[in-house]
Amino acid sequence: EAAVTQSPRNKVAVTGGKVTLSCNQTNNHNNMYWYRQDTGHGLRLIHYSYGAGSTEKGDIPDGYKASRPSQENFSLILELATPSQTSVYFCASGGDRGLDAEQFFGPGTRLTVL
Amino acid sequence: GMPVEQNPPALSLYEGADSGLRCNFSTTMKSVQWFQQNHRGRLITLFYLAQGTKENGRLKSTFNSKERYSTLHIKDAQLEDSGTYFCAAATSSGQKLVFGQGTILKVYL
């Protein structure tokens, strides 16, 4: 069954540590996205990708890097985690028409930075 | 102002009632998606519209790009409809998806 999966589902990290959040999709979509969700802000776009090897900055990219090594996998990297990055992170995959395409979301990763 | 304004912020309905949610856009949008976020935090896609109206069971959504709004109508509300509903719209350049702040829906017996 086509799906978007994320790992880990929960993560506790220390300030200054490196965190990698992983996303895998079996939808055969070219486009993938990383969002964070905080109370009062809805979902906000961090990074996105139009295909393997490409990454683009979203609305709030500072403090985050992204990596798209293959069609199926898209990672979000926090090189130096800070408490302000405590949030729920969602990955999504979409169609071939850029951000105009329907997006399908993973279950989310809850990250706590102490 | 906010590019996507979603109303109401919260909504309480008795089971069996009908109601609607609305998103207004500050600029012309190319498409809109509606999501339900359930109690486990999972985002479920309800509709994707580039124009017009779609229906799915007790749900109906309309997107009017020219008038800059979209609506989600819930008919005969059920307990399992409870959750947070989000609209998200793609800007005219197609390069950005902007979410509304969400509507918290609670359905009571």
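Higher on the page you've got the structure.
These remarks concern the structure in this document. Keep in mind it's a predicted model, so treat the numbers as computed, not measured. (Residues numbered from 1 in each chain as written. Chains lettered and ligands numbered in written order. Predicted model: local features only at pLDDT ≥ 70, side-chain atom pairs only at ≥ 80, totals over all residues. Heavy atoms only, no water.)

Quick look at the pairing of strand β3 (residues 19–25) of chain A now. All names here are of chain A. Only one face of β3 is covered, namely the one carrying V19, L21, C23 and Q25; the face carrying T20, S22 and N24 has none of its residues buried. Sheet topology places strand β1 (residues 4–7) next to β3; 4 bridges connect them, and they run antiparallel. In the sheet register, T5 faces β3, and the bridge partner there is N24. Strand direction decides the pairing type here: β3 and strand β8 (residues 73–78), joined by 6 bridges, are antiparallel. Each bridged residue has a counterpart across the sheet, and for L21 the counterpart in β8 is L76. (Buried < 20%, exposed > 50% of the residue type's maximum accessible area, 1.4 Å probe, protein only. Helix = DSSP H or I, 4+ residues; strand = E, 2+ residues; numbered from the N terminus. Pairing = 2+ DSSP bridges.)

Now for the state of the cysteines. Two cysteines whose sulfur atoms are joined by a covalent bond form what is called a disulfide. Per the counting criterion, the structure on display carries 2 disulfides over all chains. Between the sulfur atoms of C23 of chain A and its disulfide partner C91 of chain A the distance amounts to 1.9 Å. Measuring the twist about the S-S bond at about -80°, one finds the C23 of chain A-C91 of chain A disulfide to be left-handed. With C23 of chain A in strand β3 and C91 of chain A in strand β9 (residues 87–94), the pair connects residues that are 68 residues apart, well separated along the chain. The pair formed by C23 of chain A and C91 of chain A is uniform in burial state, with each residue classed as buried. Note that C23 of chain B is cross-linked by a disulfide to C87 of chain B, the S-S spacing being 1.9 Å. Its S-S torsion of about -100° marks the bond between C23 of chain B and C87 of chain B as left-handed, since a negative value means left-handed. With C23 of chain B in strand β3 (residues 19–25) and C87 of chain B in strand β9 (residues 83–91), this residue pair connects regions lying 64 residues apart in the sequence. With respect to burial, C23 of chain B and C87 of chain B carry one shared label: buried. (Disulfide = S-S within 2.5 Å.)

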